[in-house]
Amino acid sequence: MASCAAGESAMSIRLGELLVEQGAITLDQRDEILSMQSNSHRPFGVIAEEMFGVSPSDIEDAWAIQYATIAMRIDPLSVDVCKDTLDIITKRQAWQFGLIPIREYEGEIQFVTSMECMARALRFVGWRIPVLCTFAICDLDTLKGGLALHYPFESLDSETADKFLRQRPAA
């Protein structure tokens with residue numbers, strides 16, 4: 001199973017704060033979850049789901065925002081990408097999961113994706129890529145341009161590509 005990490009370390013907003021900002025939980029609920037977490041050492045999102053019925057999609061949205069605040073930014077249109085690295089995944093996989101493998105170094109693969117595609121890209125990599133993987137991020141339009149450059153689908157129009165890349169992952 002792949003291990004995934006951000007490209008840079010920086011202070012990010014906490015998941016609980018994001019869930020409060022999104023209206024998924026209250027401040028009091030956040031504090032109850034933190035109290036439970038300090039005793040159990042379980043993930044905040046799991047506790048929020050169990051204690052207060054927070055939906056996995058709300059947690060995933062908050063997590064994607066959190067990850068995006070710490071991930072390295074890379075433009076897949078301006079990076080030299082080796083064909084062998086691109087061959088790690090198929091054209092269908094690149095578009096379906098919204099990711100581009102841009103570098104491979106000492107057995108580690110760096111992918112670029114967008115915040116909108118982050119959850120499904122991570123799921124795919126965890127299931128399919130058996131080495132350490134890191135993720136960088138770009139905006140959705142840049143990702144779409146990178147996919148069109150590196151994994152062209154001649155019959156894929158812009159509207160269909162947008163719809164495809166903005167789809168929510170199955171929970």
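Our subject is the structure that appears above.
Here is a short report on the structure shown in this document. (Residues numbered from 1 in each chain as written. Predicted model: local features only at pLDDT ≥ 70, side-chain atom pairs only at ≥ 80, totals over all residues. Heavy atoms only, no water.)

**Quick word on the nonpolar core**
Across soluble globular proteins, nonpolar side chains show a tendency to be buried alongside one another.
Part 1 of the reasoning: In this structure, Leu99 and Phe135 are the most contacted members of the largest nonpolar core, which totals 37 residues.
Part 2 of the reasoning: Listing elements by their share of this core, those giving two or more residues are α4 (56–70), α6 (91–97), β3 (99–105), β4 (108–113), α7 (118–128), β5 (133–137), α8 (140–150) and α9 (158–166).
Part 3 of the reasoning: The element best represented in this core is α7, accounting for 5 residues.
Part 4 of the reasoning: With residues up to four places along the chain from it excluded, the contact list for Leu99 reads Ile89, Gln93, Ala94, Phe111, Val112, Thr113, Ala121, Phe124, Val125, Phe135 and Leu147.
Part 5 of the reasoning: One finds Ile25, Phe44, Ile47 and Val54 within the second-largest nonpolar core, a separate group that totals 11 residues. (Core = buried A, V, L, I, M, F, W, Y, C linked by side-chain atoms within 4.5 Å. Buried < 20%, exposed > 50% of the residue type's maximum accessible area, 1.4 Å probe, protein only. Helix = DSSP H or I, 4+ residues; strand = E, 2+ residues; numbered from the N terminus. Contact = heavy atoms within 4.5 Å.)

**A look at the side chain of Arg120**
Part 1 of the reasoning: The topology assignment puts Arg120 in helix α7.
Part 2 of the reasoning: The buried charged residue Arg120 lacks any salt bridge, with Glu116 as its nearest oppositely charged partner at 8.2 Å.
Part 3 of the reasoning: Looking at Arg120, its side chain comes within polar contact range of the main-chain oxygen of Gln96, at 3.1 Å. (Lys, Arg positive; Asp, Glu negative; His and termini not counted. Salt bridge = Lys/Arg side-chain N within 4 Å of Asp/Glu carboxyl O. Polar contact = N/O pair within 3.5 Å; in protein donor to acceptor, adjacent residues only side chain to side chain.)

**Observations regarding the packing of aromatic side chains**
Part 1 of the reasoning: Following the criterion strictly, the structure yields 5 aromatic pairs and no others.
Part 2 of the reasoning: Among the aromatic residues, ring-to-ring pairing joins Phe97, Phe124 and Trp127 into one connected group. (Phe/Tyr/Trp six-rings, centres within 6.5 Å; stacked < 30°, edge-to-face > 60°.)

**Thoughts on the pairing of β5**
Part 1 of the reasoning: With 5 of 5 residues buried, β5 is to be regarded as a mostly interior element.
Part 2 of the reasoning: Burial along β5 is two-sided: Cys133, Phe135 and Ile137 facing one way and Thr134 and Ala136 facing the other are all buried.
Part 3 of the reasoning: Of the strand pairs in this sheet, β4 and β5 are connected by 5 bridges, and their pairing is parallel. Each residue of the ladder has a partner; that of Phe111, found in β5, is Phe135.
Part 4 of the reasoning: Since β4 and β5 lie parallel, the crossover through α7 that links them has a hand, and here it is right-handed. (Pairing = 2+ DSSP bridges. Right-handed = clockwise from strand over helix to strand, strands pointing away.)

**A word on the pairing of β4**
Part 1 of the reasoning: With respect to burial, β4 is a largely interior element, 5 of its 6 residues being buried.
Part 2 of the reasoning: Here β3 hands over to β4 after 2 residues, with Glu106 in that stretch at a positive phi of 50 degrees.

**Things to note about the environment of Tyr105**
Part 1 of the reasoning: For Tyr105, the position within the fold is in strand β3.
Part 2 of the reasoning: Residue classification places Tyr105 among the exposed residues on the basis of a relative accessible area of 61%.
Part 3 of the reasoning: Sequence separation between Tyr105 and Thr85 is 20 residues, and the spatial gap between their C-alpha atoms is 9.9 Å.

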